[in-house]
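Notes for the structure review
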Amino acid sequence: MIELKTIGEIDAMAAAGRVVSAVHHAVRSQAAVGTSLLELDHLARTVIGDAGASSSFLGYHPSFGATPYPGVICTSVNGVMLHGLPTSYRLRDGDLLSVDCGAHVDGWHADAAVSFVVGHPHPQDLDLIDATERMLAAGIDAAQPGARMGDIGHAMSRVGRAGGYGIQTDFGGHGIGRAMHEEPFVPNEGRPGRGLRLVPGLVIAIEPSLMAGGQDEYRFDDDGWSIRSADDSRGAHVEHTVAITEEGPRILTAS
Ligand code: MF3
Ligand code: CO
């Protein structure tokens, strides 16, 4: 069942979104060569706790994860594009890091992800991140009242395919609200004019991820969580929580 949200409920979700944005700001400023992923997770815990919020991820156990989730952020490095676990791995110069975070405030969740390079970037990694960000922007732009779900996926996949990148099509976005993962599924690829009609009050997380090698195939690491491109080419992932309103899409996790 899809639960539409009132304007007041969307405002409440934006409060959770501000916490997520604060985590991203803090983690990004501390992610340097030599910083461990666990240190970033601890920092995120502090930001979430200081805000009086709780983590949407910690202990979460979806069917696609091997264990209850052990952290408050996903830290996906290089060939891993989604759900990388915060481990003792220390970041190296040129690593491409994707950070995903969810926060829960007054019963409402928000979920967002960013990708960036630590230290000196390879130009092709900046291109990959730029394409993923343009893909998200195109998806958000398509999230207009009266449009359809397929319009979002179509707008996004056009950007990714134009760059010659592989697209993560099995894992995409989702409805979000009182639960982090609600209906409907928000595919990263779609056909224009098809699928669910987008109406004011629908709140979705839009989360494209791209793979530099140009193939859509991926596999799980032995940790049962990390999703890696099959050719181990670099991946990037970005996400915003977005409400469809009468006035158009409203980003709830903007900084
Ligand atoms: N944004 C990610 C998603 O919706 C968050 C995953 S949370 C985790 O897939 F706990 F499952 F990792
Ligand atoms: Co999400």
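Model, not experiment: these values are computed from the prediction.

Taken together, 14 residues lie around ligand 1, and His-83, Asp-100, His-181, Glu-207 and Glu-239 are the ones closest in. At 2.7 Å from a nitrogen atom of ligand 1 is found a side-chain nitrogen or oxygen belonging to Asp-100. Separating an oxygen atom of ligand 1 from a side-chain N or O atom of Glu-207 is a distance of 2.8 Å. Compared with its free state, where it exposes 340 Å², ligand 1 has 98% of that area covered by protein.

Attention shifts here to the coordination of the cobalt ion (ligand 2). The protein atoms that coordinate the cobalt ion (ligand 2) are Asp-111 (OD), His-174 (NE2), Glu-207 (OE) and Glu-239 (OE), at distances spanning 2.0 to 2.2 Å. Here the cobalt ion (ligand 2) binds six donor atoms, and the angle range of 74 to 166° at the metal identifies the geometry as octahedral. Counting along the primary sequence, the residues that act as donors to the cobalt ion (ligand 2) give the motif D-x62-H-x32-E-x31-E. Within this pair, whereas Asp-111 is found in strand β5 (residues 108–117), its partner Glu-207 is found in the loop between β9 (203–206) and β10 (209–211), the two being separated by 96 residues in sequence. Glu-207 matches Asp-111 in its accessibility class, with the two residues each being buried.

Within the open sheet, the three strands sit side by side as β6-β10-β13. Their pairing is antiparallel. In the strand order of this sheet, the two ends are held by β6 (166–167) and β13 (235–237), each with one partner. Here two bridges tie β6 to β10, and the two strands are oriented antiparallel to one another. For Ile-167, the partnering residue across the bridge sits in β10 and is Leu-210.

One face of the sheet, then the other: side chains in a regular strand alternate in exactly this way. With three bridges joining them, strand β7 (residues 173–175) and strand β8 (residues 182–186) adopt antiparallel strand pairing. When the bridges of β8 are listed, Gly-175 appears paired with Glu-182.

Criteria and cut-off values
- Residues numbered from 1 in each chain as written.
- Chains lettered and ligands numbered in written order.
- Predicted model: local features only at pLDDT ≥ 70, side-chain atom pairs only at ≥ 80, totals over all residues.
- Heavy atoms only, no water.
- Near = heavy atom within 4 Å.
- Polar contact = N/O pair within 3.5 Å; in protein donor to acceptor, adjacent residues only side chain to side chain.
- Areas by Shrake-Rupley, 256 points an atom, 1.4 Å probe, with all protein chains shown as cover.
- Donors = N, O, S within 2.8 Å, 3.2 Å for Na, K, Ca; no water.
- Tetrahedral: all angles 85-135°; square planar, octahedral: opposite > 155°, others 65-115°.
- Helix = DSSP H or I, 4+ residues; strand = E, 2+ residues; numbered from the N terminus.
- Buried < 20%, exposed > 50% of the residue type's maximum accessible area, 1.4 Å probe, protein only.
- Pairing = 2+ DSSP bridges.

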